[in-house]
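The primary structure of each chain is shown beneath.
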2 protein chains.
Amino acid sequence: MGRKLILMLCAAAVGCAIARTARAEGSPEAGDSVAIRDVGSFYVGGRVATVEGLPRTDITLVPGAPPLTIDPNGQFEVEQMYAQYIRLAEPKAKYPLLLWHGGGLTGATWESTPDGRSGWQMFFLRAGHDVYISDAVERGRSGWARFPQIFTSEPIFRTMREGWGLFRIGPADGWDPDPAKRRPFPDTQFPVAAYDQFTKESVPRWTTTDKPVMAAYDALVQKVCPCVVIVHSQGGYFGFNAALNAPDKIKALIAVEPSSTPEAGADASRIRGVPHLVVWGDHQQGIPFWTNARNKVTAWQGRIRETGGVADTLDLPAQGIRGNSHMLMMDANSDAIAERVQRWMGEQGLMR
Amino acid sequence: MGRKLILMLCAAAVGCAIARTARAEGSPEAGDSVAIRDVGSFYVGGRVATVEGLPRTDITLVPGAPPLTIDPNGQFEVEQMYAQYIRLAEPKAKYPLLLWHGGGLTGATWESTPDGRSGWQMFFLRAGHDVYISDAVERGRSGWARFPQIFTSEPIFRTMREGWGLFRIGPADGWDPDPAKRRPFPDTQFPVAAYDQFTKESVPRWTTTDKPVMAAYDALVQKVCPCVVIVHSQGGYFGFNAALNAPDKIKALIAVEPSSTPEAGADASRIRGVPHLVVWGDHQQGIPFWTNARNKVTAWQGRIRETGGVADTLDLPAQGIRGNSHMLMMDANSDAIAERVQRWMGEQGLMR
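For clarity, every value in this text was computed on a predicted model and none was experimentally measured.

The next thing to look at is the overall build of chain A. From N to C terminus, chain A includes 9 helices and 10 strands. Projecting the C-alpha coordinates of chain A onto the three principal axes gives extents of approximately 80 × 50 × 45 Å. In chain A, which comprises 352 residues, the proportion classed as buried is 62%. Relative to all contacts within chain A whose residues are 6 or more apart in sequence, the contacts with residues 24 or more apart total 74%. Surface exposure of chain A reaches about 13000 Å², of which carbon and sulfur atoms provide 52%.

Below you can see the structure in the form of structure tokens.
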């Protein structure tokens, strides 16, 4: 049933208060259509790099075409970042919402879930936000540059096994190439039958590109913001720093399972006016990568609060919501978590 | 002024016929909002590949995190294809519209133009089509696989110079790294000042992946169609073959500047029921890559017509529309060309 119809029925009926409280103010309802003003994309940041001294080769670009002599030397645009937007006819949020993915992944993180449900992109469009989804430098539609000539190292490729443990679908030793033999956490919210489908979203990553990635995010903020930013995992590092670099532009930062923080010595007083929310899933215990990340992030939140800022935590297991993975925007209860994030944004005065 | 308002005024005014003929039936008007039912994405095709025998390495994933020992060996999903959809609340087209990009590029081709105007994605949404945009295997959000272990060759990177000539922005010898010194065709429709911005859309490509690319397109057709497909450049090869592979699923094929055709010996009678439209821009003369492609495509169209099929040509220069580049969906008159394509689809009975 559409939201409008519920409100119409409410206006004439006794069950009104119940129907309205069952759903947080401003939260969307699946199935409603959304009026959009514009869809598009653009590239920000980057620079021209020159490659010299490589040999020419003859190649055939398409079957049956005459061979082309390719001179691989010349100029290339590198280190740019792709961002796609969907803008609403009548946004209910004060600012556009930017979604920044994690390491080894792309903006696809925020679209549909691997088992085919609507993702956070559609949730926040329905909730009234203009939504911008970017692919970090080197990943997805942003493209990547020749190595070792421009990018200085080789990329790394995440195995299906590594994702299973690191993303906390199940214990690391519960991985098996055979889906029938895998051992997920008994209470996992991740759509385990779609795990292989999820790993199709993986893209190679470099560990030597943090500077250009950061520069492109800063350029995006300068172009699009004021805005609200939701980051995931590795995106935490870039999001926390983007807020420090442009505290006037970023009106709030929601860090979902951030894997890192700004460098030691960063001045938390700069972001006194930028409310932060950190969201944690389940099953972090005993995994040093995550317990370390969490300790660091908690310390950073403490420093923000010491300066008088807002640095809240949505600790899902502590609230009785068990079994969320690192990819909680894909978990079975992804919409319920988005609704809590949406409620927090409302409390921070970010909706009209 | 919104289209509805024009029609309302028309109903009561004398200038009605003029207002209605100034815009083809069913063609969209910039500025109108569009009601969408759903936005999302999915991956099709691909397989699990195994890598063995590589050494382990220690890496730091994010600044300050404890080092992780990475074992690069294991299973990977490879050769999958990403597709994103925007579905309308009330489509006016009978079938969804699939947009397939060209070589060394991604689905971004169809979004905004490099100078920031709305692209064909938004045009065809406004015209009433559900629109699916994919990134071919190896490109964009589809990701790419380790080489030479899985992909058997190295990728090639398109220089800014090569694109200038091959995409017919200007003569090949009119290229200069300094934008002020470049010599475009005097009548070019390409937004020349945004050429560097356009080259940010380039991604590496392989010349050894045609088979998995084709398999993934075939899988997309099986999942999403019946449909209409618009292809560009290298996408011509995959689109022509996809129609041969699933003539019951592809209801029409529009090939924009296709760079190749099916292999010699392909049976054109299979696609007797699939209307084809080929769109050509300007300045192909004297460039063997393009004159060869055009001759081959024209011959293929002839064979389709011999079997009783429809294989039309929209030859823009022959119609007095001069200066279009290979990237004509980005040219200054991109919407006017889209409108002609839209009109052809209407003539083929593809609208409701």
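What follows concerns the interface of chain A and chain B. Listed by partner, the interface residues are 89 residues for chain A and 89 residues for chain B. Carbon and sulfur atoms supply 57% of the area that chain A and chain B bury against each other, a total of about 7000 Å² over both sides. Considering only the surface of chain A that becomes buried against chain B, A:Arg141, A:Trp144 and A:Lys200 emerge as the three largest contributors, covering 12% of it. If you look at where chain A meets chain B, you find 8 salt bridges. B:Arg161 is the partner of A:Asp71 in a salt bridge, and the nearest nitrogen-oxygen pair spans 3.8 Å. Remark: the boundary between chain A and chain B carries 35 residue pairs in polar contact (both at pLDDT 80 or more). Those elements that provide at least two residues to the side of chain A that touches chain B are strand 1 (34–51), strand 3 (68–70), strand 4 (74–88), helix 3 (120–126), strand 6 (131–135), helix 4 (160–166), helix 5 (195–199) and helix 8 (288–306) of chain A. Here the side of chain A that touches chain B gets 12 residues from one element, more than from any other, and that element is strand 1 of chain A.

Here we come to the relation of the copies chain A and chain B. After a rotation of 180° and a shift along the axis of 0.0 Å, chain A superposes on chain B with an RMSD of 0.0 Å. Both copies are brought into coincidence by an operation consistent with a two-fold rotation axis. A shared binding surface is used by both copies, with 100% of the interface residues of chain A retained as interface residues in chain B.

So, on to unusual backbone geometry. Most peptide bonds take the trans configuration, and most residues that are not glycine carry a negative phi. A cis amide bond links A:Phe147 with the next residue in sequence, A:Pro148, at an omega value of 5°. The topology assignment puts A:Pro148 in the loop between strand 6 and helix 4. A cis amide bond links B:Cys225 with the next residue in sequence, B:Pro226, at an omega value of 25°. Mapped onto the elements of the fold, B:Pro226 is located in the loop between helix 6 (210–224) and strand 7 (227–232). A positive phi angle is found at A:Arg168, which is not glycine, with a value near 60°. Structurally, the position occupied by A:Arg168 is in the loop between helix 4 and helix 5. Of note, the phi angle at A:Ser233 is positive, near 60°, even though the residue is not glycine. If you trace the backbone, A:Ser233 turns up in the loop between strand 7 (227–232) and helix 7 (235–245).

Attention shifts here to the side chain of A:Arg182. All names here are of chain A. Positionally, Arg182 belongs in the loop between helix 4 and helix 5. What makes Arg182 buried here is its relative accessible area of 11%. A polar contact of 2.7 Å, which involves the side chain of Arg182, links it to the backbone oxygen of Asp176. The contact partners of Arg182, leaving out residues within four places of it in the chain, are Met160, Trp164, Gly174, Trp175, Asp176, Pro177, Tyr195 and Asp196.

Right, let's talk about the pattern of salt bridges for a bit. Side-chain pairs of opposite charge can arise whenever the charged atoms involved come near each other. Under the counting rule described, the total for this entry stands at 30 salt bridges over all chains. Across the salt bridge formed by A:Asp315 and A:Arg294, the nearest N and O atoms sit 2.6 Å from each other. One end of the pair, A:Asp315, is in strand 10 (residues 311–315); the other, A:Arg294, is in helix 8, with 21 residues separating them in the sequence. Via salt bridges that share partners, A:Arg56, A:Asp71 and B:Arg161 belong to a single interconnected network.

Attention now moves to the packing of helix 6 of chain B against helix 7 (residues 235–245) of chain B. All names here are of chain B. Across the interface, helix 6 lies against helix 7 with an axial gap of 10 Å and an inter-helix angle of 50°. In terms of orientation, helix 6 lies oblique with respect to helix 7. As helix 6 packs across helix 7, the resulting crossing turns out to be right-handed. Here helix 6 contributes Asp210, Val213, Met214, Tyr217, Asp218 and Val221 to the contact with helix 7, which in turn contributes Tyr237, Phe238, Asn241, Ala242 and Asn245. For the contact of helix 6 with helix 7, a count of residues per class yields 7 nonpolar, 2 polar and 2 charged.

Here we take up the nonpolar core. Ranked by internal contacts, the top residues of the largest apolar core, which has 112 residues, are A:Trp120 and B:Trp120. For A:Trp120, the residues in contact, after removing those within four places along its chain, are A:Trp110, A:Glu111, A:Ile230, A:Val256, A:Leu328, A:Met329, A:Ser334, A:Ile337, A:Ala338 and A:Val341.

Residues and elements named next belong to chain A. A complete count under the given rule lists 2 disulfides over all chains for this structure. One disulfide in the model links Cys225 with Cys227; its S-S distance is 2.2 Å. Measuring the twist about the S-S bond at about 70°, one finds the Cys225-Cys227 disulfide to be right-handed. Classification of Cys225 by relative accessible area gives buried; the value is 7%.

With respect to the secondary-structure elements, A:Ser334 resides in helix 9 (residues 334–347). Ignoring sequence-local partners within four residues, the contact set of A:Ser334 consists of A:Thr113, A:Arg117, A:Trp120, A:Leu328 and A:Met329.

All names here are of chain A. By the bridge criterion, 5 bridges tie strand 9 (residues 276–280) to strand 10 in an arrangement that is parallel. Looking at strand 10, one finds that Val279 is bridged to Leu314. As for the winding sense of the linkage, the β-α-β connection from strand 9 through helix 8 to strand 10 is right-handed.

We now examine the environment of A:Arg56. Considering the arrangement of structural elements, one finds A:Arg56 in the loop between strand 1 and strand 2 (57–59). Ignoring any residue separated from it by four or fewer positions in sequence, one finds A:Arg56 in contact with A:Thr69, A:Ile70, A:Asp71 and A:Pro72.

On to helix 8 (residues 288–306) of chain B, then. When the terminal C-alpha atoms of helix 8 of chain B are compared, their 27 Å separation across 19 residues agrees well with the 27 Å that a helix rising 1.5 Å per residue should span. Every buried residue of helix 8 of chain B is accounted for by B:Phe289, B:Trp290, B:Ala293, B:Val297, B:Trp300, B:Gln301, B:Gly302 and B:Ile304. On its buried face, helix 8 of chain B is in contact with strand 3 of chain A together with helix 4 (160–166), helix 7, strand 9 (276–280) and strand 10 (311–315) of chain B. Of the residues one or two after helix 8 of chain B, B:Gly308 is the one with positive phi, at around 95°.

Before going further, it helps to spend a moment on the environment of B:Pro91. Structurally, the position occupied by B:Pro91 is in the loop between strand 4 (74–88) and strand 5 (97–100). Taking the C-alpha atoms as reference points, B:Pro91 and B:Arg126, 35 residues apart in sequence, are found 9.4 Å from one another.

What follows covers the packing of aromatic side chains. The way to describe two aromatic rings as a pair is by their centre distance and the angle between their planes. Counted according to the given criterion, the structure contains 50 aromatic pairs over all chains. Aromatic pair A:Tyr195 and A:Phe198: ring centres 6.1 Å apart, planes at 55°, arrangement tilted. Of this pair, A:Tyr195 and A:Phe198 both sit in helix 5, 3 residues apart, which is roughly one turn of the helix. Comparing A:Tyr195 with A:Phe198 shows no difference in burial state: the two are buried. Three or more aromatic residues joined by ring pairs make a cluster, and in this case those are A:Trp144, A:Phe147, A:Phe151, A:Phe157, A:Trp206, B:Trp144, B:Phe147, B:Phe151, B:Phe157 and B:Trp206. Note that A:Lys223 overlies the ring of A:Phe42, its terminal NZ or CZ placed 4.8 Å from the centroid. Directly above the ring of B:Trp290 sits B:Arg168, whose terminal nitrogen or CZ lies 5.3 Å from the centroid.

What counts, and at which threshold
- Residues numbered from 1 in each chain as written.
- Chains lettered and ligands numbered in written order.
- Predicted model: local features only at pLDDT ≥ 70, side-chain atom pairs only at ≥ 80, totals over all residues.
- Heavy atoms only, no water.
- Helix = DSSP H or I, 4+ residues; strand = E, 2+ residues; numbered from the N terminus.
- Buried < 20%, exposed > 50% of the residue type's maximum accessible area, 1.4 Å probe, protein only.
- Contact = heavy atoms within 4.5 Å.
- Areas by Shrake-Rupley, 256 points an atom, 1.4 Å probe, with all protein chains shown as cover.
- Buried area = accessible area lost by both parts, 1.4 Å probe.
- Salt bridge = Lys/Arg side-chain N within 4 Å of Asp/Glu carboxyl O.
- Polar contact = N/O pair within 3.5 Å; in protein donor to acceptor, adjacent residues only side chain to side chain.
- Least-squares fit on C-alpha atoms with pLDDT ≥ 70 in both.
- Axes fitted to C-alpha atoms, helices over the stretch in contact; angles between N-to-C directions.
- Parallel < 35°, antiparallel > 145°, perpendicular 65-115°, else oblique.
- Left-handed = near helix turned anticlockwise from the far one by under 90°.
- Nonpolar A, V, L, I, M, F, W, Y, C, P; charged D, E, K, R; others polar.
- Core = buried A, V, L, I, M, F, W, Y, C linked by side-chain atoms within 4.5 Å.
- Disulfide = S-S within 2.5 Å.
- Pairing = 2+ DSSP bridges.
- Right-handed = clockwise from strand over helix to strand, strands pointing away.
- Expected span 1.5 Å × (residues − 1).
- Phe/Tyr/Trp six-rings, centres within 6.5 Å; stacked < 30°, edge-to-face > 60°.
- Lys NZ or Arg CZ within 6 Å of the ring centre and 35° of its normal.

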